[in-house]
Amino acid sequence: MTRLLLPLALALLALPAVAQPGPPGGMRGGAVAGLVLDDASGEPIPSATVAVYSAADTSFVTGTITEADGRFSLGPLRPGDYLARISFVGYATETREAEVAMGPPVDLGEIRLQESAVELGEAEVEGQRELVEQRADRTVYNVAEQAVTAGGNALETLQTLPSLEVDASGNISLRGNQNVAIQINGRPVPVRGAFLTALLRQIPASNVERVEVIPNPSARYDPDGMSGIVNIVLLENTDRGLSGGFTLGGGTQPNAEAGANIAYQKGALDVAATYGFRYDEFGLAGETDRRNLVFGSTIGQVNADANGTASHFANGSLDYTIATGRSLTLEGSLGYRDGTRDSQIDYLTSVDEGPTFESSRATDGERDGYNGDAALVFRQRFDGQNGGSGASGAPGGGGRGPGRWGRGGPRGGAGTQSAHELALEGRFTRNKSDDFDLFTATSDFGDGLERSTADETNDETYLQLDYSRPLAGLQLETGAKATWRSVVSDLLFEEEVGGQFVSDGGRTNAFDYSESIYAAYLQGSRSLGPFEAQAGVRAETASRDFTLRTPLPDRPGLPPVEEGANTFDYTSLFPSAFLTYPIGEGTLVKASYSRRIERPRTFFLNPFPSFEDTLSVRVGNPQLRPEYTDAFELTLQYRYFLTVTPFYRHTTDVIRRRLLFDPETGVSSFTAQNLDTSDSYGSDVTLAAAFGPVRGFLSGSVYRSVTDGESVENGLASDAVTWTARGSVQYSLREGTDLQFFGFYRAPQDVEDGRISGFGFTTLGLNQKISDRLSLSLRVNDLFSTTRFEYRTGDGETFIINGVRDPDIQQVSGTLTWTFGRAPQRRPQPNQQPQQDDGFGL
C-alpha cells in the first residue's frame, strides 16, 4: 500500500502547480459558464438546474446542474444567441441572455437567486421545496416540518420515506437489504445494530432537515453498505448574527423530549450548538411454538419486553475562515443514554402422551452507554478561473465555497471552471456500552439466580485527504484514506451457588477485534454534449484480526472452529460509472454502476455462544468472508412527478443468517454463513405531486431475490418476490394548519429457512403554526395497531418454529417549538464519505 500512496501524495503536491486549464479539452464551438448563489446569504447553490434554450425559437438545447460550489459550464454550443434559465426549488427562476461565439466560454458571472417569498403588507407568499428532489447521484427527501414525524425521532423519520424500511428492532433496509451505510451530515456513523438504533433515537425529528438516499455511490465514497448510503442532514439554524430555538414535547407510552439550539455567525467566525433530551418507553410482545419432530415435544414460549431509555445528545461546530478560500473547522458530538430492560419469558413444555412442565425466566436489566466523536477539518480552495490572474489567494480570486468552505469575495476573470480544492480531515469516534442483567429462573424443579455484566468499546480513527481540480476538460477528484477500528468486549456471566455468585466459564466471554483499511481513489467527470459522465475506481487493502480471549465451550450441533486469533487479509477494487442525460427541468435519464462490499461485523465473527434465552443461542463464525455486490441502476424521472428506477444486483459470498436446530437439546442456534450468490432485480416507482393545498407521494417497490447456497447445504436456496408500498398525503386545511397521513405495507417474504408475513403501519399528524415563532405539532402513530407480524422457520423434518411479534408503538404525542433570531437558511453540505464499523444488529 505504501507503493500506492507515495506516488499519489507526490501527484497531489504537484497538481496545484499545474497551469490552469482553458476551455474543456477538445471543445469546439463556444460555451456558457457562471456561478449560482443564494441572494440572501451569498452561499453557492449546488444542484441548481441550468437549461439553455435557443433565443430564436425558445427550443431546448442542453442543460446541466451546478457543482458543489455553485458553478457550471455548458458546451460546446454553436455560435448564436441563447437564453440560460437557472432554477432551484424554493427560489425564483432567473434568465440570462448569452451571445456565444467560438473560443472561451461566455461568463454569465454571479447569478443570485432569491427565495420565492414576497412580503406584501400583512400577506406573505412562500415558495415550498419539493418533497422529493432528484440530484445527480442521490434522491433528496425534504422532511422538515412533517406532521407525521413531529414529536418523533430520526429513526421514525426514516420510516416515512420511499424505499426505506425500519423494522421493530430498528434495523434499516433499502429495497429489502439491511446492508446500508448511514451518515449524519455527510459524516460516517461508525456503528450498526443496537448502537445505531440508540443513536438515531436520540436525535429529535425536529432537528432533521432532509434525508439523502444514494443507492449507487461513486468510487469517491467508502464502498461499505451493499445497498447504498442514507445521509441524514440535520437542520442548520444559522446564517448571520444570533439565532436559535427551543422544543418541548411529550406523549403516551410515555415519551418526552426537550431541546435547544443556538448559533452565532459574524465575519470569519461561525459557531453552532444543539442539545436534545429524549425519554422513550417501548414494548414488544411475542409468542413462539417450537416443535421437535424427532422427540415429539413442543415448547410454547410467551415473551413480554418493556424497554425505557433516557438519552442526551449534543453536537457543535466551530468554523473559522483563516483567509479567502481557506477555513478550519472543529466539530464534535456527545451522546449519553441510560436505559432499562425488563422482560418475562414463560415456557410450557409438553411431550407427546407425557407430562407438561412450566417454567419462566425474568430479566431486570440496565442499558447504559455513551457515544462521541471529534474532528478537525482543513479546507483550501484554489483559484480555478480561466483568463484571469489565477493565483491562489490573489485579489479577487477567493470565492465562497459550499457550506463552510470560505467566505471570500467573488472570483474575477472570465470562463469560470469547476471546483479546485483540497480537504484534510482527521476524526476519532468512540461508542461505549455498559449493560447489566439480573436473571431469575423459576420452574417445577426449583429456582435459580444469574447475572451478567457486559462492557464493550468501539473505537474508530481515520485520516482522509481529498483533492479536486479541473484538468484538460475533466473535473478530477482523487484522495486517500486510512481507517483503524477496534472493539474490546468483555462479558462476565455469573450464577448463584450457595448464596454467592460465581463465574460461569461456559458463558463468560471476552474478545478483541481490530481492522485497518487503506484506500485511494481517482475519478473524473465531464460533459459529453448533452450528457454528464463520471467514472472512477477505488483501490483498497484491508486486514482484520479477531482474537477470542476466553476458552470456547461445547457448541452442540455447530461445526468446529479454531480458537484464539483469526486473521483475514484482502485487497479489492471498486469501479463506478455514471451517465446522466438532463432533458428539461425535473426530467432526466440516469444510468449508474458501482461495486460495493459488506464486511462481517463482530457479532457475526464471534464463535462464543450468546444466549437470547435458554432455548435460543446466537453464535458467530470467524471464517466469514466479505460479500461483494455489483449494482446496476437506471433512473427515469419526468418533471419531478414520476420516477421509475429499475435495478439489478449480483452478490457473491452472500452473508446470510442461518437457524440450526439440535434435536438432542431442543436449542435453536442463530449463526451466519457465506452462501454462493444472490441476484436481486426489480424496480421502484414514485409519484410525487402537489395540487393546490394537497401535496404528497405514492411509492412502491417490487423485486425478486434468488439466492443459491448449494455449496453449503444441498437444496439451500430461496426464490422470492417481495413488494412494498407507502404513501404520504399532506393537506393544508387553512393558512398555518397542515394535516398529513402516512401509510406503509410490506408483503409476505420467503427467506432461506422460512417465511415472514406481511405487516404495515399508519401515522396521522397535524402541524399548527401559532405565530411566526411558535408552532404546535400533534401525531398519532400506528393508528390501527397493524405492526404485528408472524414468521415460520424449520426444515419440516426435525423441527418447525412458528412465532408472532407485536411491537407496541401506538402512541399520541405533541411538540411545541419556539425559535428566535433569523430564520434558518439553506446551507449546502459538502459531500463526505460514509463508512461503517462493527456494532451488531443480527
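Refer to the structure above for everything that follows.
Small disclaimer: the values here were computed from a predicted structure and weren't measured.

Parameters and conventions
- All residue numbers here refer to positions counted from 1 along the written sequence of the relevant chain.
- Owing to the predicted nature of the model, reporting of local features is limited to residues with pLDDT of at least 70; listing and counting of side-chain atom pairs is limited to 80 or more, with chain, interface and lining totals taken over all residues.
- Here the side-chain values reflect all heavy atoms present in the structure, with hydrogen atoms and water set aside.
- Per the convention used, a helix needs a DSSP run of H or I reaching at least four residues, while a strand needs a run of E reaching at least two, with both numbered from the N terminus.
- Each residue is placed in one exposure class: buried if its accessible area under a 1.4 Å probe, protein chains only, is under 20% of its type's maximum, exposed if it is over 50%, and partly exposed if it falls in between.
- Throughout, a contact is declared for two residues whenever any of their heavy atoms are within 4.5 Å.
- To be clear on the numbers: accessible area is Shrake-Rupley with a 1.4 Å probe, and residue cover counts the displayed protein chains and nothing else.
- Here, a salt bridge means any Lys or Arg side-chain nitrogen found within 4 Å of an Asp or Glu carboxyl oxygen.
- Residues with no salt bridge and a relative accessible area higher than 30% make up the patches, which join like charges within 9 Å and nonpolar side chains (Val, Leu, Ile, Met, Phe, Trp, Tyr) within 5 Å.

**Considering the overall build of the protein**
For the protein, the helix and strand inventory stands at four helices and 46 strands. Out of the 842 residues belonging to the protein, those deemed buried represent 54%. Across the protein, every contact between residues at least 6 apart in sequence was considered, and the portion connecting residues at least 24 apart equals 68%. Split by element, the accessible area of the protein, about 34000 Å² in all, is 57% carbon and sulfur.

**With respect to the pattern of salt bridges**
What the rule picks out here adds up to 35 salt bridges. Two residues, R507 and E450, come together in a salt bridge whose shortest N-O distance is 2.7 Å. Taken together, the residues span a long stretch of sequence, with R507 in the loop between β27 (500-503) and β28 (509-528) and E450 in strand β25 (residues 446-471) at a distance of 57 residues. A relative accessible area of 16% places R507 in the buried class. We classify E450 as buried; its relative accessible area is 13%. Between R507 and D504 there is a salt bridge whose closest N-O contact spans 3.0 Å. Each member of the pair, R507 as well as D504, is classed as buried. Each of E331, D373, E425 and R427 takes part in salt bridges that share partners, so that together they form one network.

**Quick notes on the environment of P46**
Inspection of the secondary structure assignment puts P46 in the loop between β1 (30-38) and β2 (49-54). Residue classification places P46 among the buried residues on the basis of a relative accessible area of 14%. Linking P46 and L35, residues eleven residues apart in sequence, is a C-alpha distance of 9.9 Å.

**Some thoughts on a nonpolar patch on the surface**
A cluster of nonpolar side chains, contributed by L242, I262, Y264, L269, V271, L318, Y320, I322, L328, L330 and L376, occupies part of the molecular surface with about 910 Å² of accessible area. Put simply, the parts of the chain that give the nonpolar patch at least two residues each are β19 (255-266), β20 (269-292), β21 (297-323) and β22 (326-351). A per-element tally of the nonpolar patch places β21 first, with three residues. Its location among the elements puts L376 in strand β23 (residues 356-381). The partly exposed category is assigned to L376, whose relative accessible area is 46%.

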